[in-house]
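# Structure assessment
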Amino acid sequence: MQPGYAAVLCVLAVLGLEAAAPGECELTRLLQDKLQYEMRLRYMKHYFPIDYTVQVQYEEVLRPSNITRLRNRTVSEAALQYLWFHVSSQAVLRIREVLPEKHPSWKYTQELCQLFDALGKEYSKYRQTDVEAVVADLVKLVHSGGVEKRRKAVRPKALLDNCLKVMRMLYGAPCRWEST
């Protein structure tokens, strides 16, 4: 363990925050770079028809207000990060489903998928612990993909906007990101 890292973990534990692993921080930093405003605007708005929407399940839209509500119910940060990962990776897959391979946004969404795949491997190393029931239920709903579920029309850019905002909420402090 690096010198001073134990002290940081102790301080974070006292503050009630759970530290993110260094690999997790690195990957989310890469995701943050890939989700810059200009890129989201170009690939998720300008390259799509005006007012184009993607049909997603109601549970696949994760906003900062949802995270605040879950925090008020004392859901752990690790469980919230787990939820963010599953919802956001599913959102990217939903966007990618509607794109033909020759679409200008295809490569961009493929790169996002690769980053989420790498983050999934990072989670599989140490996130096998039980998460709160409310989060486990939401993750099951997200992956169920049932047609009978409530559907919502959402713009592709809005899905990635929410992904970035929630990621900053969850990883900004543990990964010590500057406000950008």
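Note that the coordinates shown come from a computational prediction; the quantities given were computed from them, not determined experimentally.

## Regarding the packing of helix 3 (residues 37-46) against helix 8 (residues 156-171)
Two elements in contact, helix 3 and helix 8, have axes separated by 8 Å at closest approach and are oriented at 155°. Between helix 3 and helix 8, the angle is such that the two are roughly antiparallel. In the packing of helix 3 onto helix 8, the handedness of the crossing is right-handed. Taken together, the residues of helix 8 that come into contact with helix 3 (itself represented by Tyr37, Arg40, Leu41, Met44 and Lys45) are Pro156, Lys157, Leu160, Asp161 and Leu164. Tallied by class, the residues present in the contact of helix 3 with helix 8 amount to six nonpolar, no polar and four charged.

## Focus: the side chain of serine 89
Looking at the secondary structure, you find serine 89 in helix 5 (residues 77-97). Take serine 89: its relative accessible area is 14%, and that puts it in the buried class. Side-chain polar atoms of serine 89 contact the backbone oxygen of phenylalanine 85, separated by 2.8 Å.

## As for the pattern of salt bridges
Pairs can form between side chains of opposite charge whenever their charged atoms are close. On inspection of all chains with the given rule, the structure shows eight salt bridges. Here glutamate 97 ties to arginine 94 by a salt bridge, and the two come within 3.7 Å at their closest N and O atoms. Highlighted residues: glutamate 97 and arginine 94, both in helix 5, separated by three residues, approximately one helical turn. Note on glutamate 97: relative accessible area 57%, which makes it exposed. By relative accessible area, which is 9% here, arginine 94 ends up buried. Ionic pairing is found between glutamate 111 and lysine 107, a salt bridge with its closest N-O pair at 3.5 Å. Within this pair, glutamate 111 and its partner lysine 107 are both found in helix 6 (residues 106-126), separated by four residues, close to a single helical turn.

## Quick look at unusual backbone geometry
Here aspartate 51, not a glycine, exhibits a phi torsion of approximately 60°, which is positive. Here aspartate 51 shows up in the loop between helix 3 and strand 1 (54-57). For aspartate 51, a relative accessible area of 54% puts it in the exposed group. The backbone phi angle of threonine 74 is positive, close to 60°, even though this residue is not glycine. If you trace the backbone, threonine 74 turns up in the loop between helix 4 (64-72) and helix 5.

Conventions adopted
Residues numbered from 1 in each chain as written. Predicted model: local features only at pLDDT ≥ 70, side-chain atom pairs only at ≥ 80, totals over all residues. Heavy atoms only, no water. Axes fitted to C-alpha atoms, helices over the stretch in contact; angles between N-to-C directions. Helix = DSSP H or I, 4+ residues; strand = E, 2+ residues; numbered from the N terminus. Parallel < 35°, antiparallel > 145°, perpendicular 65-115°, else oblique. Left-handed = near helix turned anticlockwise from the far one by under 90°. Contact = heavy atoms within 4.5 Å. Nonpolar A, V, L, I, M, F, W, Y, C, P; charged D, E, K, R; others polar. Buried < 20%, exposed > 50% of the residue type's maximum accessible area, 1.4 Å probe, protein only. Polar contact = N/O pair within 3.5 Å; in protein donor to acceptor, adjacent residues only side chain to side chain. Salt bridge = Lys/Arg side-chain N within 4 Å of Asp/Glu carboxyl O.

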